[in-house]
Amino acid sequence: MASFDVPYGGSAGGQYRLTMDVNLVSQNVANNTSTVSILLRMRKLTGSGYWNLNQTKWSANVNGQGYSGSFAYDFRNYSELTILHTTQVIPHNSDGTKTIGFSATHNAAIGSSITTASGSGSLTLPTIPRQANLTSAPNFNDEQNPTINYSNPAGNAVTQLVAGIFDNAGITALAGYRAISKTGSSYTFNLTTGERNALRAYTPNSNTATVRFYVRTLIGGVYYFSYLARTLTIINGNPVFQDFDYKDKNASVVSITGNNQVLVQGQSVLEVTIDSSDRMVAQKQANPVKYTFAIDSISLDQAYSNNTIVKEIGAIQSSGTKNLSIKAFDSRNNFTEVVKPVTVIPYAAPVVNATVQRENGFGEQTSLLISGLYSLVEVGGTPKNEVTGVRYRYREKGDEWGSWVNKTFTADDETGEITTSETLLSLNNEKEFEFEVEIIDRFGSTVVPLTLGIGRPILWIGANRTVAVNHKPESTTEGLHIPPGDALWDYIFPVGRRYVTTDSNENPNEMYRGTWTRSGSGPYTWERTA
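Residues numbered from 1 in each chain as written. Predicted model: local features only at pLDDT ≥ 70, side-chain atom pairs only at ≥ 80, totals over all residues. Heavy atoms only, no water.

Draft legend 1. Structural detail: the sheet that holds strand E11 (residues 147–151). One open sheet accounts for three strands, arranged E9-E11-E14; its pairing is antiparallel. Looking at the sheet topology across the chains shown, the edges are occupied by strand E9 (133–136) and strand E14 (186–188). Direction aside, the axes of adjacent strands within the sheet are offset by 40 degrees on average. Strand direction decides the pairing type here: E11 and E14, joined by three bridges, are antiparallel. Bridging across to E14, Ile-148 finds its partner in Tyr-187. (Pairing = 2+ DSSP bridges. Helix = DSSP H or I, 4+ residues; strand = E, 2+ residues; numbered from the N terminus. Axes fitted to C-alpha atoms, helices over the stretch in contact; angles between N-to-C directions.)

In C-alpha cells:
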C-alpha cells in the first residue's frame with residue numbers, strides 16, 4: 001500500500017486532511033496487469049466542523065488516468081467524507097515490473113479559513129513473472145541425452161513452454177522445440193537419430209562445437225527466450241578402415257625372391273593398394289579426407305578417393321621387420337590406423353677387396369688380387385642371391401679402356417665370401433696404369449678403381465758405379481742419382497751446404513732441389529742458398 005495525508009491551507013486548514021490510499025488488489029499473470037484500489041478522502045481532525053454547501057472541485061491522477069468532480073460538505077455532521085473510491089487496472093512493463101504514481105488536489109473554498117490541499121505518492125507493484133529461465137545446462141557429447149534445469153515462476157499461467165537446442169547463432173534448430181512441464185524444473189532431451197545426426201552435421205570439421213540450449217515462453221501473446229551456450233563433443237567418431245594390400249612392385253626382384261610379400265633392402269619397390277571395397281568410411285557426418293602411409297623413414301600422404309588407390313611407397317633402405325602403417329583421416333582429423341609387418345631382407349651391393357702391385361714395387365710383373373663379400377638374401381632360409389661375375393679391365397693412364405676380363409671365382413653361399421686366384425700381368429714399369437674391378441650379383445654390382453704407378457726402386461745399383469734412390473736413372477753417369485724434387489735432398493744438401501763437382505758443365509739447379517749458386521772458391525763448387 002502507498003498513501004499520502006496532507007493538511008489543507010488556511011487558518012483552520014490544519015484541522016482537516018486530504019488523504020489518498022492506493023492498494024494492490026490482485027495481479028493477472030497471463031495479462032501482465034495489476035488491479036489497484038483507490039480511496040480519496042477529506043477528513044476532520046478536531047473542531048465543531050466547517051461546511052460549504054456549494055460544490056467544491058477536486059481532481060486526482062493514478063498512473064496517468066485522471067479523475068475529477070465536485071462536492072459540498074458539512075463537517076458538523078461527520079468527520080470523514082469519501083471523495084473517490086474505485087479500482088484501476090495497471091498494465092506492467094514487458095519484463096513484469098511496474099511503479100505507478102498518484103496525486104490529488106481539492107479546494108475547500110472557505111475564504112481564508114480552509115483553502116487547498118494537494119498531495120502525491122508512488123507505489124512499486126510486485127513484479128509479475130513473465131518467462132521461464134534456464135538455470136543450468138551441461139556440456140555433452142553426441143551420444144548422451146542432456147538434462148537442463150529451469151525455473152518458471154509463472155507456472156500454468158504461461159500459454160506455452162518449450163525447450164530446444166540450436167546452433168551458436170540461435171538460428172538453426174539442431175534439436176527442435178518440444179514442450180516441457182510448466183510446473184517442473186528439469187527436462188531431459190531424448191534425442192532422436194535425426195537430431196543426433198543434425199548435431200553431428202553441425203560440426204563436420206571439428207570434434208567440438210558451441211551450441212545453445214533455449215527455453216521459450218509464450219505468455220500474453222509475447223515470446224520470451226532464455227539460453228545458455230554449451231560445448232558439444234563428438235565421440236567414437238573414428239572412420240571405419242580395416243584392410244589394405246601390399247607387394248613388391250619390382251618384377252625383377254620378385255623373380256629372384258619368388259615372393260612379392262617380402263622386400264629386399266634398397267631393391268624392392270613397395271606398392272600399397274587400398275581396394276574400393278576397403279576404402280575408409282567416415283562416421284557421424286564427417287567426410288573422408290586422406291590416408292597417410294608410413295614405413296621406416298618414409299611418410300607419404302594420399303587424398304581420399306572412392307576408387308581403388310594404388311600408391312608407390314618406394315624402396316626401403318634398412319632391413320628387418322618393418323611396420324607398414326596406414327592411417328585413414330576424416331575431416332575432424334580423427335583417424336583409424338591399420339598396421340602390417342613387412343619383412344625387409346638385408347642386402348648390400350657386393351664388397352670388392354682388390355689390390356694391384358708391381359713385383360718389388362717397380363718390376364714389370366704385376367699381381368692383381370680380387371676378393372669380396374656378397375649378400376645371401378635368404379628367403380625362408382634359402383639363399384636367393386648369387387654372384388654372377390667377377391671381372392677386371394685396365395688401361396694406360398688416360399688411354400682407352402681395354403676389354404673386360406672375366407675371372408673364375410668361388411662364392412660361399414653360407415658366409416658370402418668371394419675368392420679368386422691371383423692374376424699376373426706384365427706391365428711396362430715406366431708407365432702408370434688404371435684398373436677397374438667389378439663384382440656382379442643378381443641385384444647389382446660394385447666397381448672399384450685401382451691405380452698402378454710407375455716402377456720406383458728404393459735403391460738402384462747399376463753398372464759404372466751408378467747408384468740411384470727412389471727411381472731408375474736415365475743417366476749411367478758414375479755417382480749418386482736422386483730424382484729432382486725428392487725430399488731426400490733436404491737431408492743430404494740442406495741450405496748452406498756446398499757441392500763440388502769435377503764436371504764444369506754440371507749444374508745442380510738442373511739436378512737437385514733448391515736454389516744453387518757458384519761458390520767463390522772455384523768453378524766446380526756450388527752452394528745451396530735456398
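Draft legend 2. Structural detail: a negative patch on the surface. Taken together, the side chains of Glu-378, Asp-412, Asp-413, Glu-414 and Glu-417 define an acidic patch exposed on the protein surface. One can find Glu-378 in strand E27 (residues 378–379). According to the relative accessible area criterion, Glu-378 is partly exposed, its value standing at 43%. (Patch = residues over 30% accessible without salt bridge, like charges linked within 9 Å, V, L, I, M, F, W, Y side chains within 5 Å. Areas by Shrake-Rupley, 256 points an atom, 1.4 Å probe, with all protein chains shown as cover. Salt bridge = Lys/Arg side-chain N within 4 Å of Asp/Glu carboxyl O. Lys, Arg positive; Asp, Glu negative; His and termini not counted. Charge placed at Lys NZ, Arg CZ, Asp CG, Glu CD. Buried < 20%, exposed > 50% of the residue type's maximum accessible area, 1.4 Å probe, protein only.)

Draft legend 3. The arrangement of the environment of Thr-423 in detail. With respect to the secondary-structure elements, Thr-423 resides in strand E33 (residues 423–426). If we skip the residues at most four places from it in the chain, Thr-423 touches Thr-366, Ser-367, Leu-368, Tyr-392 and Lys-407. Separated by 2.6 Å, the side chains of Thr-423 and Lys-407 make a polar contact. (Contact = heavy atoms within 4.5 Å. Polar contact = N/O pair within 3.5 Å; in protein donor to acceptor, adjacent residues only side chain to side chain.)

Draft legend 4. How the structure looks around the sheet that holds strand E30 (residues 405–407). Overall, antiparallel pairing links the four strands, which are arranged E30-E29-E34-E35 in an open sheet. Where the open sheet ends on each side, the last strands, each with one partner, are E30 and strand E35 (445–452). For this sheet, the mean angle separating the axes of adjacent strands, direction not counted, is 25 degrees. Taken together, the three bridges between strand E29 (residues 387–396) and E30 define a ladder with antiparallel strand orientation. Within the sheet, the bridge partner assigned to Arg-391 lies in E30 and is Asn-406.

Draft legend 5. Main features of unusual backbone geometry. Of note in this structure, Ala-109 is not a glycine but carries a positive phi near 60 degrees. Relative to the elements of secondary structure, Ala-109 occurs in strand E7 (residues 98–110). When its relative accessible area of 43% is taken as the criterion, Ala-109 is described as partly exposed. A positive phi is found at Asn-236, a non-glycine position, where the angle reads about 50 degrees. Tracing the backbone shows Asn-236 in the loop between strand E16 (222–233) and strand E17 (245–248).

Draft legend 6. Geometry of the packing of aromatic side chains. If you walk through the whole model with that rule in mind, you get 19 aromatic pairs. Between Phe-4 and Phe-102 the ring centres are 6.1 Å apart and the planes differ by 15 degrees, which places this aromatic pair in the stacked class. Placement of the pair is Phe-4 in strand E1 (residues 2–7) and Phe-102 in strand E7, with a sequence separation of 98 residues. Given a relative accessible area of 2%, Phe-102 falls into the buried group. An aromatic cluster is built from Tyr-16, Tyr-50, Phe-71, Tyr-73, Phe-75 and Tyr-78, whose rings are joined through pairwise contacts. Over the face of the ring belonging to Tyr-227 we find Arg-212, whose NZ or CZ atom lies 4.1 Å from the ring centre. Residue placement shows Lys-327 over the ring face of Phe-335; its charged tip is 4.8 Å from the ring centre. (Phe/Tyr/Trp six-rings, centres within 6.5 Å; stacked < 30°, edge-to-face > 60°. Lys NZ or Arg CZ within 6 Å of the ring centre and 35° of its normal.)

Draft legend 7. Region of the structure containing the pairing of strand E21 (residues 298–303). With six bridges connecting them, strand E20 (residues 288–295) and E21 associate as antiparallel partners. Following the sheet pairing, Ala-294 is matched in E21 by Ser-299. Hairpin geometry of E20 and E21 is characterised by an intervening segment of two residues between the two adjacent antiparallel strands and by a positive phi of about 55 degrees at Asp-296.

Draft legend 8. Geometry of the nonpolar core. Counting residues in hydrophobic clusters, the biggest one holds 33 residues, and the most contacted among them are Met-20, Leu-40 and Met-42. Going through the elements one at a time, E1, strand E2 (16–28), strand E3 (33–44), strand E4 (51–62), strand E5 (65–74), strand E6 (80–91), E7 and strand E8 (114–125) are the ones with two or more residues in this core. Among the elements that take part in this core, E7 stands out by supplying five residues, more than any other. Look past the residues within four positions of Met-20 in its chain and what remains in contact with it is Ala-2, Ser-3, Phe-4, Ile-38, Leu-39, Leu-40, Ala-60, Val-62, Phe-102, Ser-103 and Ala-104. One finds Leu-134, Ala-154, Ala-175 and Tyr-224 within the second-largest nonpolar core, a separate group that totals 25 residues. (Core = buried A, V, L, I, M, F, W, Y, C linked by side-chain atoms within 4.5 Å.)

Draft legend 9. Layout of the pattern of salt bridges. Tallied over the entire structure, the rule returns 19 salt bridges. Arg-200 is the salt-bridge partner of Asp-142, the closest N and O atoms lying 2.6 Å from each other. Here Arg-200 lies in helix H1 (residues 193–202) and Asp-142 lies in the loop between strand E10 (140–141) and E11, a separation of 58 residues in the sequence. Both residues of the pair, Asp-142 and Arg-200, count as buried.

Draft legend 10. Region of the structure containing the side chain of Thr-33. Mapped onto the secondary structure, Thr-33 falls in strand E3. If sequence neighbours within four positions are ignored, Thr-33 has contacts with Gln-27, Asn-28, Val-89, Ile-90, Pro-91, His-92 and Ile-128.

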